[in-house]
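So you can see what is in the structure, the chains are spelled out below.
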Amino acid sequence: MSTSTRTGGTALEEVDIPGQAYLREALTSCIDPLKAIETFQLENGILLPSLRPMLPLLDLHGVKRLDFHNSVLEELRDKLVQQISQLGEKGGKERDKKLKDLLVKSFPVVRVKALRPVVMSILKNIPHIEDKYLRILVRDRELYADTDTEVKRQIWRDNQSLFGDEVSPLLSQYIREKENVLFDHTNLNNLFFTPTPKTRRQEDVVQKLAHMIGNSVKLYDMVLQFLRTLFLRTRNVHYCTLRAELLMALHDLDVQEIITVDPCHKFTWCLDACIREKSVDIKRSRELQGFLDNIKRGQEQVLGDLSMTLCDPFSINFLATSAIKILLHLQNTEALPRENTVLILLLRMLALGLSAWIMIDSQDFKEPRLDNQVVTKFLPALMSLMVDDQVRYLHSRLPPDERESAITIIEHSGPAPETIETFIQEGTVASILAMYYTLHTAKQKDKVGLLRILAVLSSCKDDRAYEDPFLHSLVASLINMADEFANEDFCTVLFDEFLFAGLTRDNVTRHMLKLLWYIHAKLPPTRLQTMMKALQPTVNHHENVHKLYEALNVKIGGAPSTNPAGHDGISQSTPMEMDVDSPLKDVLRMQ
């Protein structure tokens, strides 16, 4: 007899229902076992006199008594669960008292699988479950697995380690999904920044986390602490995205208990609206500035969470793209950058977002000062580059006879001003703006403008130009300029001066392989051969790099390469595959 069967029998006897022990005693002490079984059936069967004549008829039709009783049990159980759910919807003290009385009477049978749904339904509808019940659920793995999320929330509130075990797989899945989009080489329409904020936060992981948290402020705070810790341990900015998406998912669900106590809610909500509408009007800019200006003394720690919200790649993309749009507008109206208040606010938020990791790591919650020279020197230099590119574009649209008379204006554009290179070497805000102007020129298919800015982009502070969201967007635009790859000057700047400078990074190799997947036919044979040799993965590259390289080699028409990584040509070591579970588990073990 199994443990679970013995437990079920004991549980029935605890609620005064004869079970296995009773039947065993009856059979071992009786004179006629068949008579004892018949007596047990009569006393414990369904006590309806009108039903008893039907039982022999069911026997004749080959319907087992067990099957009959099980079907009746299931029907009654489902109706009882339905009535408990209806009772739970009413609310009030009387409801709570009835449910608690039911729980006292029914909990002993929680290990009887057929009756467990009734007990779980009662627990699900009780707002505050006594610890003695929760302890039993936690100790028994099978019971815990069958417990509803509404009940688990009450367990998790006092068991951070258990909650962390539940959350970790979801965080791992979230990071994988983001990286799959960034590195996807099969679908050019699957662009990272395309989904709207509403679409992103309706994805499974965000919705599951929101459901796990419910209206529990304590669980919400635990998740935020997990995200801060993982961001610190890995520097992975996707945790910043999840922090903003989770808050806005709870906003959509109108979880007032949480959104009214999160000091970042109104700021994140306002920024989310701007990202959705792809613009910052004067009213919203004043609201955003008001949030930043009105952080009270003693509440500076809020800046840490605000900086995470602004470090989200979708926020960075919006702020930088909006800044470039304003600069293009200013050059047309011949206005100065320092006179545009919305632009200054965007740069201020950009600076705060880019300092998120340093601020949280140092626990020094002070808003970084925006370097005045970025506004007074760097932006004018960048705008002069924009003017050159625009004049060249207008010249290309002139009729041929007028084009010759204007040749002196656009005669061979020189390199980007030294001011630009100096500033992007020293500051992250300047680096991001230069990167996003690069994306602008690539989208415009402005070859000359693109090469001028690309030539200095490897100098960006903290190697910002080799981050995945930027390279993903740049590669998508470069694929649309495939014909330019036949020109050696284009390849020299793009590959030799920019991309090869970051080739020690696993992710740069992956983006370059994606680019070659689409444009390899346009490259001169010698250049293609050089590229394939330079990109051949080693044992230090991730397995996916090896697979993509081999697939590209076959696509080009070459033989599969001989790779020292392993017998199957795939790396036996995957140092770049980030295990997001381990940092979280390390933290939980330390607490």
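Every value quoted in this text rests on a predicted model; they were computed, and no experiment measured them.

Asks: Sorry if this is basic, but what is going on with the overall build of the protein here?
Replies: Per the secondary structure count, the protein includes 34 helices and zero strands. Counting the 591 residues in the protein, one finds 47% classified as buried. If you take every contact in the protein between residues at least 6 apart in sequence, the share linking residues at least 24 apart comes to 70%.

Asks: Explain the packing of aromatic side chains here, please?
Replies: What characterises a pair of aromatic rings is the spacing of the ring centres plus the angle enclosed by the ring planes. As enumerated under the stated definition, the model contains twelve aromatic pairs in all. With 5.4 Å between their ring centres and 80° between their planes, phenylalanine 193 and phenylalanine 314 make a pair best called edge-to-face. Note that phenylalanine 193 is positioned in the loop between helix H11 (160-183) and helix H12 (197-200) and phenylalanine 314 in helix H20 (residues 313-333), a separation of 121 residues in sequence. Residue phenylalanine 314 is classed as buried on the basis of its relative accessible area, which comes to 5%. Taking 6.0 Å as the distance between ring centres and 45° as the angle between the ring planes, the aromatic pair formed by phenylalanine 485 and phenylalanine 495 counts as tilted. In this pair, phenylalanine 485 is assigned in the loop between helix H29 (468-479) and helix H30 (488-498) and phenylalanine 495 in helix H30, connecting sequence segments ten residues apart. Relative accessible area serves as the criterion here: at 1%, phenylalanine 495 is assigned to the buried category. Among the aromatic side chains, those forming a connected cluster through ring pairs are Phe485, Phe490, Phe495 and Phe500.

Asks: It is not clear to me how the confidence of the model for the protein should be interpreted in this structure. Could you clarify?
Replies: It should be kept in mind that the predicted coordinates are not to be read in detail where pLDDT is low. Confidence in the prediction of the protein, expressed as mean pLDDT, is 85, and 85% of residues score 70 or more. Considering only residues more than four positions removed or in separate chains, one finds that residues 1-7, a stretch of pLDDT under 50, has six contacts. Overall, residues 406-412 carries pLDDT values under 50, and its contacts beyond four positions in sequence, including any with other chains, amount to seven contacts.

Asks: I would appreciate a short explanation of a nonpolar patch on the surface in the present structure.
Replies: Among the surface-exposed residues, Leu27, Leu34 and Ile37 lie close enough to one another that they form a single nonpolar patch of about 270 Å² accessible area. Along the chain, leucine 34 falls in helix H3 (residues 33-44).

Asks: Just to check I follow, could you spell out the environment of leucine 162 for this structure?
Replies: Its place among the elements puts leucine 162 in helix H11. The residues touching leucine 162, leaving out its near neighbours within four places in the chain, are Tyr144, Ile155 and Trp156.

Asks: Can you help me understand the packing of helix H8 (residues 131-139) against helix H10 (residues 149-156) in this one?
Replies: How two helices sit against one another is set out by the angle between their axes and by the gap between those axes. Contact geometry for H8 and H10: axes closest at 10 Å, N-to-C directions at 100°. Here H8 is positioned roughly perpendicular relative to H10, judged by the angle of their axes. For the pair H8 and H10, contact is made by Leu134, Leu137 and Val138 and by Val151, Gln154 and Ile155, respectively. Residue classes in the contact of H8 with H10 are distributed as five nonpolar, one polar and no charged.

Parameters and conventions
Residues numbered from 1 in each chain as written. Predicted model: local features only at pLDDT ≥ 70, side-chain atom pairs only at ≥ 80, totals over all residues. Heavy atoms only, no water. Helix = DSSP H or I, 4+ residues; strand = E, 2+ residues; numbered from the N terminus. Buried < 20%, exposed > 50% of the residue type's maximum accessible area, 1.4 Å probe, protein only. Contact = heavy atoms within 4.5 Å. Phe/Tyr/Trp six-rings, centres within 6.5 Å; stacked < 30°, edge-to-face > 60°. pLDDT = per-residue confidence, 0-100. Patch = residues over 30% accessible without salt bridge, like charges linked within 9 Å, V, L, I, M, F, W, Y side chains within 5 Å. Areas by Shrake-Rupley, 256 points an atom, 1.4 Å probe, with all protein chains shown as cover. Salt bridge = Lys/Arg side-chain N within 4 Å of Asp/Glu carboxyl O. Axes fitted to C-alpha atoms, helices over the stretch in contact; angles between N-to-C directions. Parallel < 35°, antiparallel > 145°, perpendicular 65-115°, else oblique. Nonpolar A, V, L, I, M, F, W, Y, C, P; charged D, E, K, R; others polar.

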